[in-house]
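Here is what each chain is made of, one letter per residue.
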Amino acid sequence: MKQSSNIRHGHYTALLNLGVPIIIGQIGTIVLNFADTLMIGHHSTVELAAASFINTLLVLVIIFALGFSYGLTPVVGNLVGRGETGKIGGVMRTAMAANTMLAALMLAVVAALYVCLDRLGQPEELIPLMRPYLLVNIISLPFVCWQNTFKQFYDAIGDTTTPMYVLIGGNVLNISGNYMLIYGALGFPEMGLLGAGISTMASRIIMCAVFAVLFFRARRYRIYGDGFRRSGFDGAVFRRLNALGWPIALQMGMETAAFSLTAIFVGWMGMVSLAAHQIMLTVSQLFFMVYYGLAAAVSVRVSYFHGQGDTPAIRATTSAGFRMILLVASVVAVPIFLLRGTVSLWFNDSAEVCLLVSHTIIPLILYQFGDGLQCTFANALRGMSCVRPMMYAAFFSYFVVSLPLSWWLGIRMGYGLVGLWYAFPVCLTCAGVLYYLIYRREVRGIEG
């Protein structure tokens, strides 16, 4: 019994050792998003509304790119689990090629969005603010894809501390740039929303460059850098990365679409709803990014054990991860609920926006169980390279359930932003249950 207890505690400890640096790095991203929204909101409510629409759509693209890069984690994790680290450099070379291909596709899609921006039914006075802000974000998209590739590599080999420091450093640069370029401090021109976009673009480029320099120049990564230089393009690895990456990207993209595409519905409600929606999305990231850190650790650990064929360890790791995520959700929900009447004032002093946010906090808290459920089992499935069934479950949960329900509650029934957000607890719990059923079937298949 004592040995069994020690093994269980070992899974918790391993997840914390991997997950905490990821969480800290992602909290840095949360602080950045808070700072962006706060600085833009205090500069202008109109700019906050413009940023809400563009950021909501860009999040869909960026999460899609992140999901595609997740295909690298089980490949590298399996190699680590089997002790075949000499092959990882070659996998990285092919992964960079695959993510460059994705970047080209993303540029084409977002460029089309830029051209059609004035046809999406948004307030006309926001279009002149949206266009330049969207343009500078478009320029940085390839660097997002390359940065994701490096980060997944570091996480998959168990080094989650390096990305933590890079992300924190990049976010400090971004916040500093925001201060100088949004408000025109220290002799820089006052550029408002465009200044925030330029600062974000610069920080993304710098973070990508730092990841690359460490990969190729740091002594502890020499085996991987040398393998990258010696290897050529591997068609088999390329096909495997695409076979894993596209279903994950589609699954995560459809999940994000449940939030992002609703921005179009919110735009029909007016600028107050758009501003409140942006604040709510920023607050909701506090939960998601903490989940992401622990769930990413679940994916890494499961990929190790999957490479070793250790099914009991897969079960124990996934269960431990889910319990930890539920605990975090319970802890974070308390201050958010208590501060629901004032949290909006951190970003904007509009009484209308504040009232709307205070009501919308309730569905945000309600959906944390479903979000934790789907996040845990989705990452366990990624670690086992079982990704295609999740794509179909996501389509049902987010396109068949979420988007129609959001429209019906928010627009058809007239409940506005609050009604729209009440669709999220339903769709996230639906996704979580479906992922759990797929996970249980997959584990039984491995055992049987």
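Please read all numbers here as calculations on a predicted model, not as lab measurements.

### Some points on the nonpolar core
So, point 1. Judged by nonpolar contacts, the single largest core of 136 residues is most densely connected at Phe153, Tyr398, Trp421 and Tyr435.
So, point 2. The greatest single-element share of this core, amounting to 21 residues, is contributed by helix α12 (residues 271–308).
So, point 3. Setting aside anything within four residues of it in sequence, one finds Tyr398 in contact with Met254, Glu255, Ala258, Gln374, Leu403, Cys427, Leu428, Ala431 and Tyr435.

### Considerations on the pattern of salt bridges
Side-chain pairs of opposite charge can arise whenever the charged atoms involved come near each other.
So, point 1. Applying the stated criterion across every chain, the model contains three salt bridges.
So, point 2. The partner of Lys151 in a salt bridge is Asp155, with the nearest N and O atoms 2.7 Å apart. Taken together, the residues span about one helical turn, with Lys151 and Asp155 both in helix α6 (residues 141–156) at a distance of four residues.
So, point 3. Between Arg220 and Asp159 there is a salt bridge; the shortest N-O distance is 3.8 Å. Of this pair, Arg220 sits in the loop between α8 (193–217) and α9 (222–230) while Asp159 sits in the loop between α6 and α7 (161–183), and the two are 61 residues apart along the sequence.
So, point 4. When its relative accessible area of 13% is taken as the criterion, Asp159 is described as buried.

### Concerning the state of the cysteines
A disulfide bridge is the covalent bond that connects two cysteines by way of their sulfur atoms.
So, point 1. According to the stated counting rule, one finds zero disulfides in the structure shown.
So, point 2. Unpaired in terms of disulfides, Cys145 finds its nearest cysteine sulfur in Cys208, a separation of 9.6 Å.
So, point 3. Of all cysteine sulfurs in the structure, the one in Cys430 sits closest to Cys427, which takes part in no disulfide; the separation is 8.0 Å.

### Looking at the packing of aromatic side chains
So, point 1. Per the counting criterion, the structure on display carries 23 aromatic pairs.
So, point 2. Each ring, one from Phe153 and one from Phe215, has its centre 5.1 Å from the other, and the planes form 85 degrees; the classification is edge-to-face. Residue Phe153 is found in helix α6, and its partner Phe215 is found in helix α8; the two are separated by 62 residues along the sequence.
So, point 3. Taking the relative accessible area as the measure of exposure, Phe153 reaches 0% and is therefore buried.
So, point 4. Ring geometry for Phe215 against Phe228: centres 5.9 Å apart, planes inclined by 80 degrees, an arrangement best described as edge-to-face. In this pair, Phe215 is assigned in helix α8 and Phe228 in helix α9, connecting sequence segments 13 residues apart.
So, point 5. By relative accessible area, which is 0% here, Phe215 ends up buried.
So, point 6. On the accessibility criterion, Phe228 (13% relative accessible area) is buried.
So, point 7. An aromatic cluster is built from Phe150, Phe153, Tyr154, Phe211, Phe215, Phe216, Tyr221, Tyr224 and Phe228, whose rings are joined through pairwise contacts.

### Details of helix α15 (residues 368–383)
So, point 1. Helix length check: α15, at 16 residues, gives a terminal C-alpha distance of 23 Å against a target of 22 Å (1.5 Å per residue), a fit within 8%.
So, point 2. Ser385 lies just past α15 and shows a positive phi near 65 degrees.

Conventions used here
- Residues numbered from 1 in each chain as written.
- Predicted model: local features only at pLDDT ≥ 70, side-chain atom pairs only at ≥ 80, totals over all residues.
- Heavy atoms only, no water.
- Core = buried A, V, L, I, M, F, W, Y, C linked by side-chain atoms within 4.5 Å.
- Buried < 20%, exposed > 50% of the residue type's maximum accessible area, 1.4 Å probe, protein only.
- Helix = DSSP H or I, 4+ residues; strand = E, 2+ residues; numbered from the N terminus.
- Contact = heavy atoms within 4.5 Å.
- Salt bridge = Lys/Arg side-chain N within 4 Å of Asp/Glu carboxyl O.
- Disulfide = S-S within 2.5 Å.
- Phe/Tyr/Trp six-rings, centres within 6.5 Å; stacked < 30°, edge-to-face > 60°.
- Expected span 1.5 Å × (residues − 1).

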